[in-house]
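Summary of the model geometry
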Amino acid sequence: MNTFEKISVVGLGHIGLPTAAVFANKGVKIVGTDKNEAVVDSINAGKPHFYEPNLDVLVRRVVESGKLSASTAVMPADAFLVAVPTPLCGDGHADLSYVQAAAEAIAPVLEAGNLVILESTSPVGTTEKMAQWMAAIRPDLSFPHQKGEMSDVNIAHCPERLLPGRTIEEVVNNARVIGGMTRKCAQRALSLYRIVVQTECKVTNARTAEMSKLTENAYRDVNIAFANELSVICDRHNINVWELIQMANLHPRVDILSPGPGVGGHCIAVDPWFIVDGAPEDAKIIRMAREINDAMPKVVCNKVAQQAMSLAKPVIACLGLTYKADVDDLRESPAVDVVLELADMAVGELLVVDPLVQQLPQSLAELGLSLTDFDVAVDRANVILLLVDHGAFKSIDRELIKDKIVVDTRGIW
Ligand code: SAJ
């Protein structure tokens, strides 16, 4: 019952592919599925379709050994791992259409004794919905919401917590929260993760597991919002917020995070909304934190506009575009929002610099902007706006900027 000879991974993206490769490397036969044919072809040729340290070597190895193969159709297996996107709709709801599509693709090949695990970050109740979507297609099988511990199919939620850039090691070394729709579902999911996970696995119910992932990211969002609110208050009182935080953090029970131009990435800026959406009356701090963090790009732009007013012809070097330091990821980046807003406000000429970005996002390219070399931008600009604390910017020669207006949103100078 608890042996998994063949696992189907549905969704071969930033989470699904590294997870599939790590399981395959442990000798489990993995049949991966992705609706994108180009992704499937690339994986079957032994090549990941995105950059992640060490993933290329691992994928080549497991494809060559026959342990990993990909297809656009879901194949029968002992267990199914669903790692599809759960983006935010414009109205603040989670878009569960990818989870539903995955459930409906798995259902036809399900057999009694199978285990289905949802890894996608999901609003509370999604795992139950997934069970219902499968049950609607397979009335011949029983599911946990119908037969509890006696169900033919076991279903669990085990949220991914992988940090891009470190996914291969984190699949193995990150503690996991495993939430079963029943106790047996959780135990079976635990035995599956034990194949690869070398650290603690906490077993709970599906709803707690769903909420735990949302809680982790909302916790961080709220704490960053506190730091951002402090920075606005400090500006009003002409206090250096970085110095202030350093002082306050000397207290043994205070640990304030860093203010910045806002919160980006595909997780922290998104997941708290799933909590708000599920409990709009009660999620007061969580909603406000999102609003505070989302307002930060505008705060930065107003500050730049105010400082640039004294200049006849402001030329602003915007340093950094990615959502955080030392990644090449532009998703939900507040730095991009700042540049867009500055262009909209027509504060001055904009020069955009990011050594980690090869191509400007469409929204910026459409404005006629292009990437400028650091040296050229700093030489030409009379305003230096630091948006991302990339290592390359931390070590610049301060002489270069000493006669310019500097707005350092990350407190590195
Ligand atoms: N940020 C600040 N001030 C800080 C810390 C971060 O402004 O003091 C900003 C960053 O610049 C960035 C954003 O917040 O724009 C998020 O960065 P992050 O490093 O805090 O988190 P992510 O989005 O890269 O990854 C998070 C992680 N979750 C937590 O730390 C609770 C990661 O472990 C999760 O796997 C990931 O979300 C996810 O998949 O949910």
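Residues numbered from 1 in each chain as written. Predicted model: local features only at pLDDT ≥ 70, side-chain atom pairs only at ≥ 80, totals over all residues. Heavy atoms only, no water.

Things to note about the site of the ligand
If you check the shell around the ligand, you find 20 residues, and the closest are Asn217, Arg220, Ser258, Tyr323 and Lys324. In the environment of the ligand, a nitrogen atom lies 2.7 Å from a nitrogen or oxygen atom belonging to the backbone of Ser258. The protein chains hide 85% of the 770 Å² of surface that the ligand would expose on its own. Counting residues per element, the shell around the ligand draws most heavily on helix α9 (residues 206-237), which supplies 5 residues. Taken together, the residues of the shell around the ligand break down into 8 nonpolar, 4 polar and 8 charged. Domain assignment of the residues forming the shell around the ligand places at least three in each of domain 1 (6-207) and domain 2 (241-408). (Near = heavy atom within 4 Å. Polar contact = N/O pair within 3.5 Å; in protein donor to acceptor, adjacent residues only side chain to side chain. Areas by Shrake-Rupley, 256 points an atom, 1.4 Å probe, with all protein chains shown as cover. Helix = DSSP H or I, 4+ residues; strand = E, 2+ residues; numbered from the N terminus. Nonpolar A, V, L, I, M, F, W, Y, C, P; charged D, E, K, R; others polar. Domains from an automatic or database assignment.)

What about unusual backbone geometry?
Its identity as a non-glycine residue notwithstanding, Asn54 has a phi of 70°, on the positive side. Along the chain, the position of Asn54 falls in the loop between α2 (37-44) and α3 (55-64). Phi is positive for Asn238, close to 55°, though the residue is something other than glycine. Tracing the backbone through its elements, the reader meets Asn238 in the loop between α9 and α10 (241-248). For Asn238, a relative accessible area of 73% corresponds to the exposed category. (Buried < 20%, exposed > 50% of the residue type's maximum accessible area, 1.4 Å probe, protein only.)

Points about the sheet that holds strand β7 (residues 176-180)
The strand order across the open sheet formed by 8 strands is β3-β2-β1-β4-β5-β6-β7-β8, and the pairing between neighbours is mixed. If you trace the sheet from one side to the other, it starts and ends with β3 (68-71) and β8 (201-205), each paired once. Taken pair by pair, the neighbouring strands of this sheet meet at an average axis angle of 25°, ignoring direction. In terms of strand pairing, strand β2 (residues 29-33) meets β3 through 4 bridges, oriented parallel. Looking at the pairing, Gly32 lines up with Ala70 of β3. Each of β6 (154-157), β7 and β8 touches α9; the most contacted strand, β8, lies at about 120° to it. (Pairing = 2+ DSSP bridges. Axes fitted to C-alpha atoms, helices over the stretch in contact; angles between N-to-C directions. Contact = heavy atoms within 4.5 Å.)

Some details on the sheet that holds strand β10 (residues 349-353)
Spatial ordering of the open sheet is given by β10-β9-β11-β12, a layout of 4 strands whose pairing is parallel. The open sheet has two edge strands, β10 and β12 (405-408), and neither has a second partner. Across this sheet, the average inter-strand angle for adjacent strands is 15°, counted without regard to direction. Here strand β9 (residues 315-319) runs beside β10; their pairing, made up of 5 bridges, is parallel. Among the inter-strand pairings, Val315 is bridged to a residue of β10, identified as Glu349. Each of β9, β10 and β11 (383-386) is contacted by helix α13 (residues 334-345), which is oriented at about 165° to β10, the strand it contacts most.

Brief notes about the side chain of Arg290
Here Arg290 lies in helix α12 (residues 284-308). With a relative accessible area of 0%, Arg290 lands in the buried category. A distance of 2.7 Å separates the side chain of Arg290 from the side chain of Asp221, its partner in a polar contact. Sequence-distant contacts of Arg290, defined by excluding residues within four places in its chain, comprise Asp221, Val263, Ile268, Ala269, Pro272 and Trp273.

Remarks on the pairing of strand β5 (residues 115-118)
Covered by surrounding structure in β5 are Leu115 and Ile117 together with Val116 and Leu118, the residues of both alternating faces. Considered for its hand, the β-α-β crossover made up of strand β4 (residues 79-82), helix α4 (residues 97-106) and β5 is right-handed. One ladder, built from 4 bridges, connects β5 with β6; its direction is parallel. Looking at β6, one finds that Leu118 is bridged to His157. (Right-handed = clockwise from strand over helix to strand, strands pointing away.)

A few points about the domain arrangement of the protein
We note that the domain assignment places domain 1 (6-207) and domain 2 (241-408) within the protein. In this structure, domain 1 and domain 2 have C-alpha centres spaced 35 Å apart. Contacts between the two partners involve 11 residues from domain 1, matched on the other side by 7 residues from domain 2. On the domain 1 side of the contact with domain 2, Leu88, Thr121 and Pro164 bury the most area, a combined 44% of that side's loss. At the boundary of domain 1 with domain 2, the tally comes to 0 salt bridges. Across the contact surface, domain 1 and domain 2 share 1 residue pair in polar contact (both at pLDDT 80 or more). By residue class, the composition of the side of domain 1 that touches domain 2 is 6 nonpolar, 5 polar and no charged. (Buried area = accessible area lost by both parts, 1.4 Å probe. Salt bridge = Lys/Arg side-chain N within 4 Å of Asp/Glu carboxyl O.)

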